[in-house]
Amino acid sequence: MESKVKELVAEVESVSIANPDQAEQFRLKYLSKKGILAELFEEFKTLVPEQRKLVGKQLNELKQLAEKKLNEAKESVAQNGYSGEKNIDLSLPAEHAELGSRHPISLVRASITDIFTKIGFTISEGPEIEDDWHNFGALNFPEDHPARDMQDTFFVESGNDEKWLLRTHTSSVQVRVMKNQKPPIRTISPGRVYRNETISARAHCQFHQVEGLYVDEGVSFANLKQTLYYFVHEMFGEDIQIRFRPSFFPFTEPSAEMDISCIICGGKGCPVCKQSGWVEILGCGMVHPNVLENCGIDSKKYTGYAFGMGIERITMLRYQIKDLRMFFENDMRFLSQFKSVL
Ligand code: PHE
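### A short note on the sheet that holds strand E4 (residues 164–166)
Stage number 1. The three strands lie next to each other as E2-E4-E3, forming an open sheet whose pairing is antiparallel. Looking at strand neighbours, the two that pair on one side only are strand E2 (129–131) and strand E3 (155–156), the edges of this open sheet.
Stage number 2. Bridge count for E3 against E4 is two bridges, and the pairing is antiparallel. Within E4, the residue paired with Phe155 across the bridge is Leu165.

### What to know about the nonpolar core
Stage number 1. By size, the foremost hydrophobic cluster in this structure holds 44 residues, and its most contacted members are Ile260, Ile281 and Phe307.
Stage number 2. Among the secondary structure elements, those contributing two or more residues to this core are helix H5 (104–117), strand E6 (206–216), helix H8 (221–236), strand E8 (252–261), strand E9 (278–287), strand E10 (303–310), helix H10 (311–319) and helix H12 (332–335).
Stage number 3. In this view, Ile260 contacts Val232, Phe236, Ile240, Gln241, Ile242, Gly277, Trp278, Val279, Ile281 and Leu317; residues no more than four positions away in its chain are not counted.
Stage number 4. Grouped together as the second largest cluster of nonpolar side chains are 20 residues, Leu139, Val173, Val215 and Phe251 included.

### Some remarks on the side chain of His208
Stage number 1. Tracing the sequence through the fold places His208 in strand E6.
Stage number 2. Here the side chain of His208 touches Glu312 through a polar contact of 2.7 Å, side chain to side chain.
Stage number 3. Once you skip the residues sitting within four places of it in the chain, His208 turns out to touch Ile105, Gly191, Arg192, Met309, Gly310, Ile311, Glu312 and Phe328.

### Some words on unusual backbone geometry
Stage number 1. Looking along the chain, the bond that leaves Pro183 and enters Pro184 is cis, with omega of 0 degrees.
Stage number 2. Checked against the element boundaries, Pro184 lands in the loop between helix H7 (171–180) and strand E5 (185–194).
Stage number 3. That bond from Glu253 to Pro254 is cis: its omega, -5 degrees, falls within 30 degrees of zero.
Stage number 4. Examined against the element boundaries, Pro254 turns out to sit in strand E8.
Stage number 5. With a phi close to 55 degrees, Gln320 is a non-glycine residue in the positive phi region.
Stage number 6. Within the element layout of this structure, Gln320 appears in the loop between H10 and helix H11 (326–329).

What counts and how
One numbering rule holds for all chains: residues counted from 1, following each sequence as written. Under the rules for a predicted model, residues below a pLDDT of 70 receive no local features and side-chain atom pairs below 80 are neither given nor counted, while totals for whole chains, interfaces and linings still include all residues. In computing side-chain properties, one takes all heavy atoms of the structure into account and sets aside hydrogens as well as water. Should DSSP find at least two bridges between two strands, the strands are regarded as paired. Helix and strand labels come from DSSP, where a helix needs a run of H or I of at least four residues and a strand needs a run of E of at least two; each type is numbered from the N terminus. The set of buried Ala, Val, Leu, Ile, Met, Phe, Trp, Tyr and Cys residues whose side-chain atoms join them within 4.5 Å is what this entry labels a nonpolar core. The buried label goes to any residue with under 20% of its type's maximum accessible area, the exposed label to any with over 50%, and the partly exposed label to all in between, with areas taken from a 1.4 Å probe on protein chains only. Residue contacts are counted whenever heavy atoms from the two residues lie within 4.5 Å of one another. Any N or O atom pair separated by 3.5 Å or less is treated as a polar contact, with the protein-specific requirement of one donor-capable and one acceptor-capable atom, and with residues adjacent in sequence counted only for side-chain atom pairs.

Put into C-alpha cells, the structure is as follows:
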C-alpha cells in the first residue's frame, strides 16, 4: 500500500487542470465519496497498527495535496475568467453588440426644441397630473366648456373637493411659467398629454406636444407668423408653403390654425392631405388678456403669442408614418428603422 500511495502522489502532482470540467473530473476521481482516496481510507482500516502509523501520515499528505491542487485550480480558473480557451479562435471577428436607437418621437422633439432654443426660447417642464385651474381655469375655459367634459379629460380621484386630472395640453406649464416669471418670457414646453379618445390610426389617449409662449411689450401677430415661418422652414425645408385659418381657442384671441403644403404630394393632393394639398400642423394665437391677468401679468402693458403642436403629427409627416399607434407599440421592426437617424 505504501508504494501505491507514493505512485498516487506523483500522479496527482502531474495532473493538469485547465478548466471547470477538468477540475470536476479530478474531484470525482480522487476526492469524491467513491473516489480513490475514499477507497484507500477503507483499505487503511484493515491494516495492522504499525503499518497504519506510517501509511496514515502518507495518506493524509496525499489527501491534502489533492485538495490543495483542486482549490488552486479552481481559483486560477476563476481569476483568468475561464472562457474555454481551447475552443477560441482569436482571429474571428468580435461578436457584434446591438446598439439601440432613439425613439422617433424623441428625435423629432429634439429637432423642435433645437429649432426654438436657437432663437432664444427656453425649455419649461411641468407635472402631468394637474389641477383644474392650471389646465383649464387660468386658460379662460368657461366652467361649462365641453373640453372639461369627462369625454375628453381623464380625471384623477383626489379624495377631496379639488379636481385633479391628467393634463390635456402643456399650456398648463405655460400658466406655471407666467405665474412664476416676469416678462419677457420666451419658452417652449414639450411633454406628454392625455385625452380620453378612442385609439385609432390618427388618435391616441396619450400623445406629445410642444407648446410655445412669448410674452413681452409689443408682441404682435406678425411676430408669431415670422417665428412659425422660421420653424416650418427649418423643420421641413424652404419650399413648404404656409397658410393660416381663423379658429377658436378660449386662451387666445385672435386664434388661428396653421396648415403647411402637403410634404408628401407637394400640394397636388394625396390621401395624406385628403386631396386638399394642405395639412394642419398647429394651433396658435395671441394670448387672451384674461389669461395674462389670471397669471398676474398686466395685460395693458404686455401682449403675447402662443402656439401648440402635436409631436406625433409632425413625426408622421416627417417620416411618412401612416399609423399613430406604431409609436406606442415598441415593435423592434419599426423602431430599428430609426437607427441611422441618430
Ligand atoms: N393648447 C392647444 C391644444 O392643446 C394648442 C394651442 C396652444 C392653441 C397655444 C393655441 C395656442 O390643442
